[in-house]
Structures are given as structure tokens and as C-alpha cells.
Amino acid sequence: MSIRYGLLALLDHGPRYGSQLRTEFEARTGATWPLNIGQVYTTLSRLERDGLIVPAEGGDAKQQLYSITDAGRRELGEWYARPVDRTQPARDELSIKLAMAVGTPGVDIRAVIQNQRRHSLAALQDYTRLKSRALAAGPDNSDDIAWLLVLEQLIFAAEAETRWLDHCESRLVRLAAALGDRPKPPPSAEPATNRAPRQEIS
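Residues numbered from 1 in each chain as written. Predicted model: local features only at pLDDT ≥ 70, side-chain atom pairs only at ≥ 80, totals over all residues. Heavy atoms only, no water.

Chemist: How should I be thinking about the overall build of the protein in this particular structure?
Modeler: Secondary structure summary: the protein contains seven helices and three strands in total. For the protein, the α and β elements follow one another from N to C terminus as α-β-α-α-β-β-α-α-α-α. As displayed, the protein has an accessible area near 14400 Å², and 55% of this comes from carbon and sulfur atoms. (Helix = DSSP H or I, 4+ residues; strand = E, 2+ residues; numbered from the N terminus. Areas by Shrake-Rupley, 256 points an atom, 1.4 Å probe, with all protein chains shown as cover.)

Laid out in C-alpha cells, this is it:
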């Protein structure tokens, strides 16, 4: 859905070719979510089917120019006004991995957490370096500012993920300690029916 509305938002600035939309989308997001041209044209076809865009005049023989319709502007305005729904979160691979690793024989969940933490911290450092460069260059247009906002969201997300991993590890340590403190049940007595018959001593 974000690609659909992202393309509509770009078309709201004026008619565009599919290749222009791809380039501008990636410029706004710093190529964080790269698009292939097939995705762009598939989305444009659906937008046209839904009456949100139409082919525009003035294109060349190789590419079709598209423009937004009034219905498209209305839907775009509704998208801007509507909060992003967080009640149906996307599946998160890391959460699923840790949930499956808990209690699975042969899986060292602490090693899984530590490996992920190293990766997340490295990503955080990369994003922070990119932000420093972007600020040093002095963002002076809307694409630069848009990229900076996306970059800062990635930084906050990486910071949150490392804090969550720290929390997961400390919870596992507390759980292991609690389980270790529990008294072990005594070995169960063997049922009388399974006992060997007592030998009489003569």
C-alpha cells in the first residue's frame, strides 16, 4: 500500500513517467526501499484501473506519461489524514525467530540474541554515519529532508531493537535462575506391579 500512495503523492506534483516515479521515490527514501520498474508499472496499472490516475498527453513513443485524477487526490488526502494502522503489525522475522528458539533443543537462544545485537549495532552505526554526513552537507531541498526523516526512523528503530534484545536476554537470565531455584521432584517410585518378586531366603 505504501508504494501505491507514494506514487500518488509524486504524481500530485505533476505528470510523471514510470521511470521518473521510481527515481523520485528512491530519492525521497534514500533507496532504503528500492523499487524495481516492474513494481512501479504494476502499481500504475492498478491505480489506472481504480480511476486514480490516467494516461497524460505529452509523453514520448517509448514511455507513457501519467497524471493524477481528482479521485486520486481525494484518496491521497484521506491517506495523509489517516493514521497508519498499528493494530495489525506486519510479521517480524526476529520476533518469530526468538519465539521459536525458546525451548527448542539444540538452539542457543543467547547466541542468537548476541549475533543479532552485533548486527543491529553495526546497522545503527552505519545509519548514524549517514545522518552525520547528511547534516554536514546541509539538507537544502525536500528530497534531502525526506531522506533525513527516513534515516532517523531507521536509527530509532535500530536503537529500540537493541534495547529489546537486551530486555530479552535479561528475561531469559531471570527465567533460567528461577527454574534453577525450583526444587527438583523426587524420582517417582516404581509401581508395585513392575517390581521383581521378592525371593525367599532358605
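Chemist: What's the story with the packing of aromatic side chains in this structure? I'm lost.
Modeler: Aromatic rings in a pair are described by how distant their centres are and how their planes are angled relative to each other. Overall, the coordinates contain two aromatic pairs when judged by the stated rule. Note on Y5 and W79: the rings are 5.0 Å apart at their centroids and 10° apart in plane angle, and the pair reads as stacked. Note that Y5 is positioned in helix α1 (residues 2-11) and W79 in helix α4 (residues 70-81), a separation of 74 residues in sequence. Judged by its relative accessible area of 5%, Y5 is buried. The partly exposed category is assigned to W79, whose relative accessible area is 28%. Ring geometry for W79 versus Y80: centroids 5.3 Å apart, planes at 40°, classification tilted. Under the relative-accessibility criterion, Y80 is labelled exposed at 57%. Chaining the aromatic ring pairs together yields one cluster made of Y5, W79 and Y80. (Phe/Tyr/Trp six-rings, centres within 6.5 Å; stacked < 30°, edge-to-face > 60°. Buried < 20%, exposed > 50% of the residue type's maximum accessible area, 1.4 Å probe, protein only.)

Chemist: Help me understand the pairing of strand β3 (residues 65-68), please; the structure alone is not making it clear to me.
Modeler: Regular strands have side chains that alternate between both faces of the sheet. Of the two faces of β3, the one holding L65 and S67 and the one holding Y66 and I68 are both buried throughout. As defined by bridge partners, strand β1 (residues 16-17) adjoins β3 across two bridges and the pair is classed as antiparallel. Across the sheet, residue Y17 finds its bridge partner in β3, namely L65. Taken together, the four bridges between strand β2 (residues 53-56) and β3 define a ladder with antiparallel strand orientation. Bridging from a neighbouring strand, P55 pairs with Y66 of β3. (Pairing = 2+ DSSP bridges.)

Chemist: Help me understand the sheet that holds β2 in this model?
Modeler: Strand pairing in a sheet relies on backbone hydrogen bonds. The paired strands run either parallel or antiparallel. Strand order in the open sheet made by the three strands is β1-β3-β2, with antiparallel pairing throughout. The open sheet has two edge strands with one neighbour each: β1 and β2. The sheet contacts of α1 involve β1, β2 and β3, and relative to β3 the element is tilted by about 90°. With respect to the sheet, helix α3 (residues 37-49) is in contact with β2 and β3, its orientation differing from that of β2 by roughly 105°. (Contact = heavy atoms within 4.5 Å. Axes fitted to C-alpha atoms, helices over the stretch in contact; angles between N-to-C directions.)

Chemist: Where do I start with the layout of surface pockets in this structure?
Modeler: Unfilled space is identified by rolling a water-sized probe across the atoms. Volume-wise, the largest pocket comes out at about 1400 Å³. Around the largest pocket sit 29 residues that line it, and S2, W33, W79, V84 and R86 are the ones nearest its centre. When contributions to the lining of the largest pocket are tallied by element, the ones reaching two or more residues are α1, α2 (18-29), α4 and α7 (142-181). Examining the composition of the lining of the largest pocket, we find that six residues originate from one element, α1, more than from any other. (1 Å grid on protein atoms, 1.4 Å probe; cavity = no way out; pocket = protein on both sides within 12 Å on 5 of 7 lines; lining within 4 Å. Points joined across faces, edges and corners; volume = space filled by probe spheres on them.)

Chemist: Looking at this structure, how should I read the packing of α1 against α2?
Modeler: Each pair of packed helices gets described by two things: the angle between the helix axes and the distance between those axes. Packing of α1 against α2 leaves a shortest axis separation of 10 Å and a crossing angle of 105°. For the element pair α1 / α2, the angle class is roughly perpendicular. Contacts between α1 and α2 involve S2, I3, G6, L7, L10 and L11 from the first element and L21, E24 and F25 from the second. Here the contact of α1 with α2 is composed, by residue class, of six nonpolar, two polar and one charged. (Parallel < 35°, antiparallel > 145°, perpendicular 65-115°, else oblique. Nonpolar A, V, L, I, M, F, W, Y, C, P; charged D, E, K, R; others polar.)

Keep in mind these numbers describe shape, not what the thing actually does.
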